[in-house]
Amino acid sequence: MNASSLLQSYQHFGVHLGLERIKQLLEKLDNPHQKVPIIHIAGTNGKGSVCAYLSSILTEAGYRVGRYTSPHLIDWTERICINQKPISPTELQQCLERVVSAAENDTETPTQFEIITAAAWLYFAEQKADIAVIETGLGGRLDATNVCENPLVSVITSISLEHWQILGPTVADIAGEKAGILKSKCPAIIGELPEFARIVIEKRIQKLDCPAIWVKPARDLGQGLAEYQLNQNGVKVRYELPLLGKIQLMNSAIAIATIQTLQNQGWKISQTAIKNGIAKTQWPGRLQQTTWKNQTILIDGAHNPAAAIALREYVDNFHNYQPINWVVGIIATKDSDDILTALLKKGDRLYLVPVPDQNSTPPAELAILAQNICPELTLCQTFPDLTTALDDAVADANLTVICGSLYLIGYFLQQQASPLHSASICG
């Protein structure tokens, strides 16, 4: 059984938050999570980009850096990296087999996410990583990554409504769950938050006596450059920003503030490492320009309302408010109504598709919703698959954007990588 098959065998256990199973499992593996210092990152959006910036900067500084993120786009190996290089399929399978063996006699079967998380800890410990950048899977307080009592830094990038069925119906509820990664007296780096979320986080920070930095976005200098003020004395760092979208001014600033906290703890990270690390950062599937049938297109997960708003803002600013061809698939647990409301405007064309191998909202159902939200669409049509929809969309002169699900983006990248298609990718 290969790594993918092994992990799929745990999929039916679903999402079951809690720390007892993962703690029990890690103890049987000799507590690998206690052997590597970590940066722990939670948030609704921006987690992955911040992880990518941090791991790139720390690699540039000469450290051996583990990075654990989710979900993957094409292959499970993407989730577990050392110095940007994914774990090999053989190594992943070996780690997973050891984790599964350790879990055999557990009274309660671990979830799929707990199995892969334990494998990541095991790999980082055995690879003797100097530091690991760890992204939460869902929420924070009861997430399987939340097993370290003394992170070097805890980061909360953003908070908005997502996974409300599990984390709670309000932004304040969700903030309370994400605040669970904050630990007593451990530094906290916090991005811009809505008021109700900020109040919850502030109270938690005060209760735990966390030294906290509330980050402001970097300044946009134009032509792909940004500037962030390092201290109150006016010292600034100017850097090339390779990832697209206004949100990267905040995400890169959060990464730099986190690096400053590490510097204060004695980690040797030069300003050159910061600049070069950010410039070399890659994070596929988020505002990424690529091609299909020799036509330039844009791909972006945009799997929640906040991300959809950011995507619409980006295409309006950079494509002069022209109509857009949206190729959209959304899984059933997501807020389809608000995502489509954020994306659609008069004159747009909408190509609706299922998300392969997922519990997808039926395209016909999305079509009814979309026509109620924006009756002035030039086109609203359902398609049986992504390829058929894309071929139709790129035949039209408007910019084509694929979005609505990271799983859909992953499927596209798989198709694009096939011998039938060539692609040029930037960002």
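On a predicted model such as this, the values are computed, not experimentally measured, just so you know.

Peer 1: How should I be thinking about the sheet that holds strand S11 (residues 236-240) in this particular structure?
Peer 2: Note on sheets: strands pair through backbone hydrogen bonds, and any given pair is parallel or antiparallel. The strand order across the open sheet formed by 3 strands is S9-S10-S11, and the pairing between neighbours is antiparallel. Edge positions in the open sheet fall to strand S9 (219-222) and S11, since each of these has one partner strand only. Along the sheet, successive strands turn relative to each other by an average axial angle of 25 degrees, direction set aside. Relative to strand S10 (residues 225-229), S9 is paired through 3 bridges, and the arrangement is antiparallel. Bridge pairing in S10 links Asp220 to Ala226. Packed on one face of the sheet, helix H9 (residues 247-264) meets S9, S10 and S11 and runs near 40 degrees to S10.

Peer 1: Can you walk me through the domain arrangement of the chain in this structure?
Peer 2: Quoted interface sizes are often the accessible area lost when the parts come together. For the chain, the assigned domains read domain 1 (3-280) and domain 2 (288-416). The centre of domain 1, based on its C-alpha atoms, is set 28 Å off from the matching centre of domain 2. Across the contact, 13 residues belong to domain 1 and 17 residues belong to domain 2. Of the roughly 1200 Å² buried at the junction of domain 1 and domain 2 (both faces included), carbon and sulfur atoms supply 59%. For the domain 1 face of the interface with domain 2, the top three residues by lost area are Leu73, Ile74 and Leu244, together amounting to 39%. Seen at the junction of domain 1 and domain 2, the total is 0 salt bridges. At the boundary of domain 1 with domain 2, the tally comes to 1 residue pair in polar contact (both at pLDDT 80 or more). Residue composition of the side of domain 1 that touches domain 2, grouped by class: 5 nonpolar, 6 polar and 2 charged.

Peer 1: Looking at this model, I keep getting lost on the environment of Pro71. Mind explaining?
Peer 2: With respect to the helices, strands and loops of the structure, Pro71 is situated in the loop between strand S2 (65-68) and strand S3 (80-82). Separated by 42 residues in the primary sequence, Pro71 and Phe113 have C-alpha atoms spaced 9.9 Å apart. In contact with Pro71, not counting residues within four places along its chain, are Arg79, Leu406 and Tyr407.

Peer 1: What's the story with the confidence of the model for the chain in this structure? I'm lost.
Peer 2: One rule of thumb: low pLDDT means the predicted coordinates there are not for detailed reading. Of the residues in the chain, 94% reach a pLDDT of 70 or more, and the chain-wide mean stands at 92. Of the regions scoring below 50 in pLDDT, residues 419-427 engages in 22 contacts with residues more than four places distant in sequence or in other chains.

Peer 1: Got a minute to help me understand the sheet that holds strand S8 (residues 212-214) in this structure?
Peer 2: Across the sheet, which stays open at both edges, the 8 strands sit in the order S4-S3-S2-S5-S1-S6-S7-S8 with mixed pairing between neighbours. Edge positions in the sheet fall to strand S4 (85-86) and S8, since each has one partner strand and no second. Pairing of S2 with strand S5 (residues 131-135) involves 4 bridges; the strand directions are parallel. If you follow Tyr68 over to S5, its bridge partner there is Ile134. In this fold H9 packs onto strand S1 (38-42), S5, strand S6 (153-156), strand S7 (188-190) and S8, with an angle of close to 165 degrees to the strand it touches most, S6.

Peer 1: How should I be thinking about the packing of helix H12 (residues 336-343) against helix H13 (residues 363-373) in this particular structure?
Peer 2: For any two helices packed against each other, the geometry is given by the interaxial angle and the distance between the axes. Between H12 and H13, the shortest axis-to-axis distance is 10 Å and the interhelical angle comes to 50 degrees. Taken together, H12 and H13 sit at an angle that is classed as oblique. Both H12 and H13 take part in a crossing whose hand is right-handed. In contact with Ser336, Asp337, Leu340 and Thr341 of H12, H13 contributes Leu366, Leu369, Ala370 and Ile373. Of the residues that constitute the contact of H12 with H13, the class distribution is 5 nonpolar, 2 polar and 1 charged.

Peer 1: Any chance you could explain the nonpolar core here in plain terms?
Peer 2: Looking at soluble globular proteins, one finds that nonpolar side chains tend to be buried together. Counting 41 residues, the largest nonpolar core has Ile39, Leu58, Tyr228, Tyr239, Leu262 and Ile269 as its most contacted members. Counting only elements with at least two residues in this core, the list comes to S1, helix H3 (47-60), S5, S6, S10, S11, H9 and helix H10 (271-279). It is H9 that contributes the most residues to this core, 9 residues altogether. With 39 residues, the next largest nonpolar core counts Leu29, Val36, Leu96 and Ala103 among its residues.

Peer 1: How do you make sense of the UniProt feature "domain: Mur ligase C-terminal" (unreviewed entry) in the chain when you look at a structure like this?
Peer 2: UniProt marks residues 285-401 with the feature "domain: Mur ligase C-terminal" (unreviewed entry), using the numbering shown here. Within residues 285-401, the helical portion is 36% and the strand portion 22%, while the C-alpha atoms at the span's ends are 11 Å from each other.

Peer 1: I tried to follow H9 on my own but got confused; where do I start?
Peer 2: Because an α-helix packs 3.6 residues into every turn, residues spaced three or four apart end up facing the same way. Look at H9: 26 Å from first C-alpha to last across 18 residues, which is about the 26 Å you get at 1.5 Å a residue. Most of H9 is tucked away: 15 of the 18 residues are buried. Directly beyond the C-terminal end of H9, a positive phi value near 105 degrees is found at Gly266.

Peer 1: Help me understand the packing of aromatic side chains in this model?
Peer 2: The geometry of an aromatic ring pair is captured by the separation of the ring centres together with the interplanar angle, meaning the angle of the planes. For the coordinates displayed, the defined rule picks out 6 aromatic pairs. Ring centres 6.3 Å apart and planes at 50 degrees place the aromatic pair Tyr123 and Phe124 in the tilted group. According to the relative accessible area criterion, Tyr123 is buried, its value standing at 7%.

About the thresholds
- Residues numbered from 1 in each chain as written.
- Predicted model: local features only at pLDDT ≥ 70, side-chain atom pairs only at ≥ 80, totals over all residues.
- Heavy atoms only, no water.
- Pairing = 2+ DSSP bridges.
- Helix = DSSP H or I, 4+ residues; strand = E, 2+ residues; numbered from the N terminus.
- Axes fitted to C-alpha atoms, helices over the stretch in contact; angles between N-to-C directions.
- Contact = heavy atoms within 4.5 Å.
- Domains from an automatic or database assignment.
- Buried area = accessible area lost by both parts, 1.4 Å probe.
- Salt bridge = Lys/Arg side-chain N within 4 Å of Asp/Glu carboxyl O.
- Polar contact = N/O pair within 3.5 Å; in protein donor to acceptor, adjacent residues only side chain to side chain.
- Nonpolar A, V, L, I, M, F, W, Y, C, P; charged D, E, K, R; others polar.
- pLDDT = per-residue confidence, 0-100.
- Parallel < 35°, antiparallel > 145°, perpendicular 65-115°, else oblique.
- Left-handed = near helix turned anticlockwise from the far one by under 90°.
- Core = buried A, V, L, I, M, F, W, Y, C linked by side-chain atoms within 4.5 Å.
- Buried < 20%, exposed > 50% of the residue type's maximum accessible area, 1.4 Å probe, protein only.
- UniProt positions renumbered as here; feature names shortened; annotations may be inferred.
- Expected span 1.5 Å × (residues − 1).
- Phe/Tyr/Trp six-rings, centres within 6.5 Å; stacked < 30°, edge-to-face > 60°.

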